[in-house]
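# Structural overview for review
So the chains spell out like this:
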Amino acid sequence: MFRTALRNVLAHKARLLMTVLAVMLGVAFVSGTLVFTDTFGSAYKNKSAKSFDHVSVAIRQDGGSHDDGQEAKQPPRLTDALLTEAGELPGAGSVIGTYSGFTALADKDGKLVGGEWGTTGANYYPGKGGKDPRYDFAAGKAPRSAGEIALDSRTADRTGYGVGDTVRYSTDGPVKTAKVSGVFDTDDGSVVAGGSLVLFDNDTARKVLGKSEYDEIDVKAAAGTSESALKGAVEKILPKDTEAETGASLKDEQDRMIEQNTSAMSQVLLIFAGIALFVGIFIIANTFTMLVAQRTKELALMRAVGASRRQVTRSVLIEAFIVGLVAAVAGFALGIGVAVGLEALMNAGGASLPDGPLKIAPNTILVALLIGVVVTMLAAWLPGRRAAKIPPVAAMNSVHASPTTRGLVVRNTIGSLIVALGAVMLFMDDNYVKSGGAATILVGVIVLTPLLSRPFIAAAGPLLKPFGVTGKLSRLNSVRNPRRTASTASALMIGLTLITAMTVVAVSMGSAINKMATDSLKADYAVSMANFEPLTPKVHEQLAKLPEVEASSALRTTWGEADGSNTRITGVDPKAFDKLVGLDFTSGSIAGLKGNAALVDKELADDKGLKAGDTVPVKFDDDKTARLKVAGVYKSNEMLQGLFTPTSVVTPHLSKIQDQQVLLKMKDGASDKAEDAVVKALGDNPAIKIQDKDDISNEVGGAINLLLNMLYGLLAMAILVAVLGVINTLAMSVFERKHEIGMLRAIGLDRSKIKQMVRLESVVISLFGAVLGVGLGLFLGWVAGDSISGSVKTYTMEIPVGRILLFLAIAAVVGVLAAVWPARSAARLNPLQAIKSD
């Protein structure tokens, strides 16, 4: 049986080509993902390990001993005195104190360098010999005064700054200038990931970063002293609420974080690889079903000479094993190329991945081979089982066995029951159950696809009528074998279902954010730090003085408890607030916001039974309490929520006066002139972000579109596999119908008409899959939107008609392109030879 299976594979290698390609692409996606994440993780670990070369023991604050709200009240612990004491311990070789914090660096055009989160400032701590072992200078020298800074080499290359250039930077508001004293190399993770690092001398770093103590004190062991021994000595001098960690444990912690990040990336990519493989199952099943149908006489003869059903099934599975093994080996080799390509692509996009050798783990090879073989054999099992069940005499009487009506009835019954189960699940209150219901309906529709194919293709009849005989023949060919049409269309349907659903959710979410910004804000501009850290109060003071400003208010935010419930408490200017926001009140109004009054959101009011005129007890972060009169109850959203009260109520409870945001209403509205006035008032500050309503919407919408485009790219593999499925089905169908095509040629149908017939058949099948995919995608988008609307009040489902029409047009083009090779093969058949074929 093995020799028979091998002979069959070699005899039908051309017809198995598309199956090999489909499995190969899926395996390449999986193995490429695993090789890429293993290589990236290994390189990142090796790179980051160097940053711990100078650390044997690190002294840090004990994060679990206090909360962030009370941290500022604690006396300094990681002080110069502790640093000196640690350096004098037996076994201590050297000691370094570190500061780190947000530092916005402006490029030569005044734009922020390194992104909103990756731009960092730190201290240069001169140890023994006046050098800081963390940094190697490629040019110039370390900063020594407040007027000097040093830049990492990647940032220097990107911005064009060199030693001696004057740069502008900011940490919490005011813009400062300094000269570049040097350029250094670093293995800092944020820099490797595309951020920037600015170094100050130690005293300047403490001042500009607003530090009262070191973030960490790193002690390097002297020769002959172990990390554990040094840690024991350090623990004897630790102040309260601090802890000591060895360099090895810090490195292990960093490695775990890298593994978590790469694992998360790998999981996302593997999900889409799984989708591509799932789509490939339809192609494999279709291929082996057709091959078995074309070899029914051969299989019958095997049964007649003594082969059992099990042996026939085993023969088909052996063929699948060989095909899967070949595809897996080829896919793994291609996957290595995919990994190299992914690295190059991300580096081209500015990711700056660390260099390192390609890492191919034994598990990756094993997984690639198993996936290729197992997926192929599973998909081929049902066709093999069907082949074994055909009686020898019945098989001898027919060249190609057609599917039984009974089988389709059973399939349709099962599919209907699955859809009914999914529909019931949709009426449950739990969102997870609803999501499961939507997925169940999707499975049910896939099972019902043969049933749905007939009415759809019948409905397409009028569109095919203008093509005359070829249109009629293509329609009849499409419904000749409903299972085959269904499998081919389902492969395309799955990809388009996901693409449509994601597009609907993304477009609807973008509109919801835009509506939220329009309805909630009357202000023309919102001013905040680029990294969303608090602003210095001087920013509001400067902006309030501008003659172009009609009204302004700082949003001074803290956290506390309102009648025992955790809530955000925001101090505002009660005289200006009504001109800056649009609140939808259910009771009361903003007019009562004066003195010890507050506006509360509807969720809190409903929970506590509050209404306008009631009094609510509030406990602030400093443990002091106040009783505030409810001036109004409003409907909250993601932009405006919590408790609003006059700034005079909030300020006494803050340990450090800071503003989260400043809202501005301009006399003449938003304009380039008004924005320029705000920018100039802030000194063209790279650390501060000035946004109008469109900017706020576009910031979220841009992130959504970026994510959507990434998902389009990841699903492109599934669509490509589906296209291979259409090509495969048509090519094998042409081979199967050689006799029929020969007869058509003999009675006068020319080559161009034969090509047109195959192309139309391909377009009909592709559009069937596309229409089903778009319909299911809209359904899934509705289910997802129903869940989202509970948390995003402005969310309403929007149907992106333009994009959906584009998807359908692309499906039609896919049909035309997929038919090129099969149509050409059909047209080139010799009529006489084709008529003589079985």
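That block above? That's the structure.
Throughout what follows, the structure given in this document is the object of discussion. All figures in this text were calculated on a predicted structure; none of them were measured in a lab.

Analysis parameters
- Residues numbered from 1 in each chain as written.
- Predicted model: local features only at pLDDT ≥ 70, side-chain atom pairs only at ≥ 80, totals over all residues.
- Heavy atoms only, no water.
- Buried < 20%, exposed > 50% of the residue type's maximum accessible area, 1.4 Å probe, protein only.
- Helix = DSSP H or I, 4+ residues; strand = E, 2+ residues; numbered from the N terminus.
- Pairing = 2+ DSSP bridges.
- Salt bridge = Lys/Arg side-chain N within 4 Å of Asp/Glu carboxyl O.
- Contact = heavy atoms within 4.5 Å.
- 1 Å grid on protein atoms, 1.4 Å probe; cavity = no way out; pocket = protein on both sides within 12 Å on 5 of 7 lines; lining within 4 Å.
- Points joined across faces, edges and corners; volume = space filled by probe spheres on them.
- Nonpolar A, V, L, I, M, F, W, Y, C, P; charged D, E, K, R; others polar.
- Patch = residues over 30% accessible without salt bridge, like charges linked within 9 Å, V, L, I, M, F, W, Y side chains within 5 Å.
- Areas by Shrake-Rupley, 256 points an atom, 1.4 Å probe, with all protein chains shown as cover.
- Lys, Arg positive; Asp, Glu negative; His and termini not counted.
- Charge placed at Lys NZ, Arg CZ, Asp CG, Glu CD.
- Arc of directions from axis to C-beta.
- Axes fitted to C-alpha atoms, helices over the stretch in contact; angles between N-to-C directions.
- Parallel < 35°, antiparallel > 145°, perpendicular 65-115°, else oblique.
- Left-handed = near helix turned anticlockwise from the far one by under 90°.
- Core = buried A, V, L, I, M, F, W, Y, C linked by side-chain atoms within 4.5 Å.

## Some points on the pairing of strand β14 (residues 549–562)
With ten of its 14 residues buried, β14 lies for the most part within the structure. By the bridge criterion, six bridges tie β14 to strand β21 (residues 661–666) in an arrangement that is antiparallel. Counterpart to S553 in the pairing with β21 is L663. Sheet topology places β14 next to strand β15 (residues 565–572); seven bridges connect them, and they run antiparallel. Paired with A562 across the bridge in β15 is S565.

## Quick word on the pairing of strand β7 (residues 148–152)
Buried residues dominate β7, accounting for five of its five residues. Note: β7 against strand β9 (residues 175–185), five bridges, orientation parallel. Pairing of D152 across the sheet is with F184, part of β9. As defined by bridge partners, β7 adjoins strand β10 (residues 196–201) across two bridges and the pair is classed as antiparallel. Across the sheet, residue A150 finds its bridge partner in β10, namely L199.

## Digging into the pattern of salt bridges
Enumeration according to the criterion identifies 18 salt bridges in this entry. With a closest N to O distance of 3.4 Å, R77 and E213 form a salt bridge. Taken as a pair, R77 in the loop between α3 (68–71) and α4 (80–87) and E213 in the loop between α7 (202–208) and β11 (216–221) lie far apart in primary sequence, 136 residues in all. This pair shows no difference in class: R77 is buried, exactly as E213 is. Residues D215 and K211 are paired through a salt bridge, measuring 3.1 Å at the closest nitrogen-oxygen approach.

## Quick notes on the environment of P646
Note that P646 resides in strand β20 (residues 643–646). Note: C-alpha distance between P646 and A458 (188 residues apart in sequence) is 69 Å. Residues in contact with P646, not counting those within four places in the same chain, are G571, V572, P574, L593, K594, G595 and A597.

## Quick word on empty space enclosed by the protein
Within the structure shown, the criterion is met by four cavities of 30 Å³ or more. In terms of lining residues, the largest cavity is bounded by 13 residues, among which N477, R484, T485, S733 and E761 are the most central. The set of elements that each furnish at least two residues to the lining of the largest cavity consists of α17 (469–480), α18 (482–520), α24 (693–736) and α26 (751–788). Of the residues in the lining of the largest cavity, the class split is one nonpolar, seven polar and five charged.

## Structural notes on a positive patch on the surface
Together, R751, K755, R759, R824 and R828 make up a positively charged patch on the protein surface. Counting residues per element, the positive patch draws most heavily on α26, which supplies three residues.

## Here we look at helix α25 (residues 738–746)
If you check which residues of α25 are buried, you get I741, G742 and L744. Here the buried residues of α25 occupy an arc of 160 degrees about the axis, which is enough to place them on one side. The elements touched by buried residues of α25 are α17, α24, α26, α28 (820–827) and α29 (831–836). Trailing α25 by a residue or two, G748 shows a phi angle of about 120 degrees, which is positive.

## Let's talk about the environment of V507
By the element assignment, V507 lies in helix α18. As for V507 and L708, which are separated by 201 residues in sequence, their C-alpha atoms are 9.7 Å apart. When neighbours within four sequence positions are excluded, V507 is seen to be in contact with E798, P800 and R803.

## Digging into the packing of helix α15 (residues 431–459) against α26
Axes are the key here: two packed helices are described by the angle between their axes and the distance separating the axes. Here α15 crosses α26 at 160 degrees, and the two axes come no closer than 10 Å. In terms of orientation, α15 and α26 fall into the roughly antiparallel class. Every pair of crossing elements has a handedness; the one defined by α15 and α26 is right-handed. Contacts between α15 and α26 involve N431, K434, A438, I441, L442, V445, T449, L452, S453, F456 and I457 from the first element and V764, L767, F768, V771, L772, L776, F779, L780, V783, D786 and S787 from the second. For the contact of α15 with α26, the per-class residue count stands at 16 nonpolar, four polar and two charged.

## Overview of unusual backbone geometry
Here D563, not a glycine, exhibits a phi torsion of approximately 55 degrees, which is positive. Relative to the elements of secondary structure, D563 occurs in the loop between β14 and β15. You can call D563 partly exposed: its relative accessible area is 35%. Phi at D623 takes a positive value of approximately 75 degrees, unusual for a residue other than glycine. The topology assignment puts D623 in the loop between β18 (615–619) and β19 (625–634). Since its relative accessible area comes to 53%, D623 is described here as exposed.

## Quick notes on the sheet that holds β11
Pairing is antiparallel across the open sheet formed by four strands, whose spatial order is β2-β11-β1-β12. The sheet is open, and its two edges are formed by β2 (92–98) and β12 (242–246), each paired on a single side. Going across the sheet, the axis of each strand differs from the next one's by a mean of 20 degrees, ignoring polarity. With four bridges connecting them, strand β1 (residues 57–61) and β11 associate as antiparallel partners. Along β11, the bridge assignment pairs A58 with D218. Contacts between α4 and the sheet are confined to β1, β2 and β11, with β2 contributing the most and set at about 160 degrees to the helix.

## So, the nonpolar core
Grouped together as the largest cluster of nonpolar side chains are 75 residues, with contacts concentrated most on F272, V279, M493, I494, I754 and V758. In terms of residues, this core owes the most to one element, α24, which gives 16 residues. When residues no more than four places from it in sequence are discounted, the contact partners of I494 are I275, F278, V279, F282 and I446. L82, V95, A221 and A233 belong to the second largest nonpolar core, which has 35 residues in total.

Geometric descriptors of this kind do not, in isolation, establish any biological role.
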